[in-house]
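# Coordinate analysis (summary)
Next come the chains, spelled out residue by residue.
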Amino acid sequence: MSTPDHATPTHAAVSDVADFVAALPKVELHLHLVGSASLDTVLALARRHPEVHPGQGVPTEVNALRRFYAFTDFPHFLEVYRRVNLLVHTGADVISLVAGLAAELAARTVRYAEVQVTPVRNRMAGISFADLAGALTDGRALARQEYGVELGWVFDADSALGPPGAEETVDFAVNHRPEGTVGIGLGGAELGVRRADFAPAFRRARDAGLHSVPHAGETVGPAEVWAAVTELGAERVGHGIGSAADPRLLELLAERGITLEVCPTSNVRTAAVSSLEEHPLPTLLAAGVPVTLATDDPGMFHTDLNAEYLHCHEVFGLSTAELADIARAGARAAFCPEPLREAILAEIDQVQRATGG
Ligand code: ADE
Ligand code: ZN
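Predicted model, so just to flag it, every value in this text is computed and none were measured.

Parameters at a glance
Residues numbered from 1 in each chain as written. Chains lettered and ligands numbered in written order. Predicted model: local features only at pLDDT ≥ 70, side-chain atom pairs only at ≥ 80, totals over all residues. Heavy atoms only, no water. Helix = DSSP H or I, 4+ residues; strand = E, 2+ residues; numbered from the N terminus. Rg over C-alpha atoms; globule rule 2.2 N^0.38 Å. Buried < 20%, exposed > 50% of the residue type's maximum accessible area, 1.4 Å probe, protein only. Contact = heavy atoms within 4.5 Å. Areas by Shrake-Rupley, 256 points an atom, 1.4 Å probe, with all protein chains shown as cover. Lys, Arg positive; Asp, Glu negative; His and termini not counted. Charge placed at Lys NZ, Arg CZ, Asp CG, Glu CD. Near = heavy atom within 4 Å. Polar contact = N/O pair within 3.5 Å; in protein donor to acceptor, adjacent residues only side chain to side chain. Nonpolar A, V, L, I, M, F, W, Y, C, P; charged D, E, K, R; others polar. Phe/Tyr/Trp six-rings, centres within 6.5 Å; stacked < 30°, edge-to-face > 60°. Lys NZ or Arg CZ within 6 Å of the ring centre and 35° of its normal. Pairing = 2+ DSSP bridges. Right-handed = clockwise from strand over helix to strand, strands pointing away. Donors = N, O, S within 2.8 Å, 3.2 Å for Na, K, Ca; no water. Tetrahedral: all angles 85-135°; square planar, octahedral: opposite > 155°, others 65-115°.

Of regular secondary structure, the chain possesses 17 helices and nine strands. Rg of the C-alpha trace for the chain: 20 Å, near the compact-globule value of 21 Å for 357 residues, within the 12% margin. Overall, the C-alpha framework of the chain stretches about 65 × 45 × 40 Å when taken along its three principal axes. Here the chain holds 357 residues, and the buried ones make up 55% of them. For the chain, long-range pairs separated by at least 24 residues make up 74% of all intrachain contacts whose partners lie at least 6 apart in sequence. Of the roughly 14300 Å² that the chain leaves accessible, carbon and sulfur atoms contribute 53%. For the chain, the distance from the average site of its 27 positive side-chain charges to the average site of its 46 negative ones is 4 Å.

Taken together, His32, Phe74, Phe77, Tyr81, Gly187, Gly188, His215, Glu218, His239, Asp296 and Asp297 make up all the residues around ligand 1. Within the contact set of ligand 1, a nitrogen atom lies 2.8 Å away from a backbone nitrogen or oxygen of glycine 188. The separation between a nitrogen atom of ligand 1 and a polar side-chain atom of aspartate 297 is 2.8 Å. Look at ligand 1: alone it shows 260 Å² of surface, and the protein chains cover 97% of it. Counting residues per element, the shell around ligand 1 draws most heavily on helix H4 (residues 74–85), at three residues. Among the residues making up the shell around ligand 1, the classes are represented as three nonpolar, five polar and three charged.

Let's shift gears to the packing of aromatic side chains. Enumeration over the complete set of coordinates arrives at nine aromatic pairs. For the ring pair phenylalanine 71 and phenylalanine 77, a centre distance of 5.2 Å and an interplane angle of 85° mean the geometry is edge-to-face. As far as the burial class goes, phenylalanine 71 and phenylalanine 77 line up, both buried. Ring geometry for phenylalanine 71 versus phenylalanine 301: centroids 6.0 Å apart, planes at 85°, classification edge-to-face. Of this pair, phenylalanine 71 sits in the loop between helix H3 (62–68) and H4 while phenylalanine 301 sits in helix H14 (residues 298–301); the two residues are 230 residues apart in sequence, bridging distant segments of the chain. Given the relative accessible area of 1%, phenylalanine 301 is considered buried. When the ring centre of tyrosine 309 is taken as reference, the NZ or CZ atom of lysine 26 above it lies at 6.0 Å. The side chain of arginine 123 reaches across the aromatic face of phenylalanine 129, ending 4.3 Å from its centre.

Tracing the backbone shows glycine 356 in the segment after helix H17 (338–355). Relative accessible area serves as the criterion here: at 65%, glycine 356 is assigned to the exposed category. For the pair glycine 356 and threonine 320, spaced 36 residues apart in the sequence, the C-alpha separation amounts to 9.1 Å.

As defined by bridge partners, strand E6 (residues 215–216) adjoins strand E7 (residues 236–239) across two bridges and the pair is classed as parallel. Bridge assignment links histidine 215 to a residue of E7, and that residue is glycine 238. Read as a crossover between parallel neighbours, the route from E6 over helix H10 (residues 223–232) to E7 is right-handed. Where E7 lies against strand E8 (residues 259–262), three bridges are found, and the strand directions are parallel. Of the residues in E8, the one forming a bridge with glycine 238 is glutamate 261. Crossover connection from E7 via helix H11 (residues 247–256) to parallel E8: handedness right-handed.

Here the focus is the environment of phenylalanine 68. Structurally, the position occupied by phenylalanine 68 is in helix H3. Overall, the relative accessible area of 17% leaves phenylalanine 68 in the buried class. Separated by 47 residues in the primary sequence, phenylalanine 68 and valine 21 have C-alpha atoms spaced 30 Å apart. Setting aside its immediate chain neighbours within four residues, phenylalanine 68 contacts Gly57, Val58, Pro59, Val80, Arg83 and Val84.

A few words on the coordination of the zinc ion (ligand 2). Reference values for angles at a metal are 109.5 degrees in the four-donor tetrahedral case and 90 or 180 degrees in the six-donor octahedral case. Each protein donor to the zinc ion (ligand 2) is listed here as His30 (NE2), His32 (NE2), His215 (NE2) and Asp296 (OD); together their distances run 2.1 to 2.2 Å. For the zinc ion (ligand 2), the four donor atoms in the first shell make angles of 87 to 167° at the metal, so the coordination geometry reads as irregular. Every donor residue of the zinc ion (ligand 2) comes from the same chain, spaced as H-x1-H-x182-H-x80-D. Of this pair, histidine 30 sits in strand E1 (residues 26–32) while histidine 215 sits in strand E6, placing them 185 residues apart in sequence. Assessed through its relative accessible area of 0%, histidine 30 is described here as buried. For histidine 215, a relative accessible area of 4% translates into the label buried.

Before going further, it helps to examine the sheet that holds strand E3 (residues 150–158). One open sheet holds the five strands; their spatial order is E1-E2-E3-E4-E5, and the pairing between them is parallel. Looking along the sheet, the strands with just one partner apiece sit at the ends: E1 and strand E5 (211–212). As defined by bridge partners, E1 adjoins strand E2 (residues 110–117) across five bridges and the pair is classed as parallel. By the bridge assignment, histidine 32 is partnered in E2 with glutamine 116.

Honestly, that's just the spatial picture; any functional story needs more than this.
Structure, rendered in structure tokens:
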């Protein structure tokens, strides 16, 4: 039966796009292991380890946990994040986080993900570097075998622990180097912390063959993105949305092919931007900057990668062809083995052809 002329199939159209996004093979290049934990996983951890860090608790009841995840601003988010991180005490906890993440990624047709892990914070919660490395290696094998998802690790320094914490992060990455290690990162607050202070640690990591993928320009303007590129040798930038205010920087990112890992829902949930409608993603795309979509901390922000793609259609008007191009940009920016990249790109072409998207 043909569609009558007067019909406006808005819902059908959106569900077609949702089906397209669900089928589209994707990579996810910016998410944190602890921040990916589902509500159920966090509740189980909170119940398993109730008294370990007195006064630093996490709710053990689902509605209270949902309220706990209503962030008033970025510092509040970081404080909540720190408390949840303290729940992860053992290698077995780490493996269950990786398994939960892999199941979630597979359900969203994510073929490859780079996952940020903060080893110095994990050690502060009671896991030795050796146990952490072993758990990540085992978890990664499980993700591949059980879910068909390939994982890479980015070890990020928490800016609150300063350059000494970054040096210890590099010690972990270089001396333990669990299978799948691809990069070095820098997370935590940006305000009052200069990326440039972390240059020596990043230099040592890069000399050891690690890729440089710091957060920058998440809650502050373009100056820290400049610093990430010029001082830390950033090959991709976490968020980088502050770049939108600086046409010269946008030109540089486009020219050098430095990909921004853009996490729209995260930016709204941490109040880094006031709404999706005001998110600078369209400015970045219009400037020709390579952009990959990501979720950052999907368990805490109540999002998933398919939802991020769908927002781009609904809020920014991206077509299915443009969404497929974003998926391709991610595959090109991934630090994955070349055959996997080729396979993902071929699969994206195939899905696009099959759906006429
Ligand atoms: N750690 C976890 N999520 C983060 C974010 N969005 N920014 C900085 N550090 C983080
Ligand atoms: Zn992040």
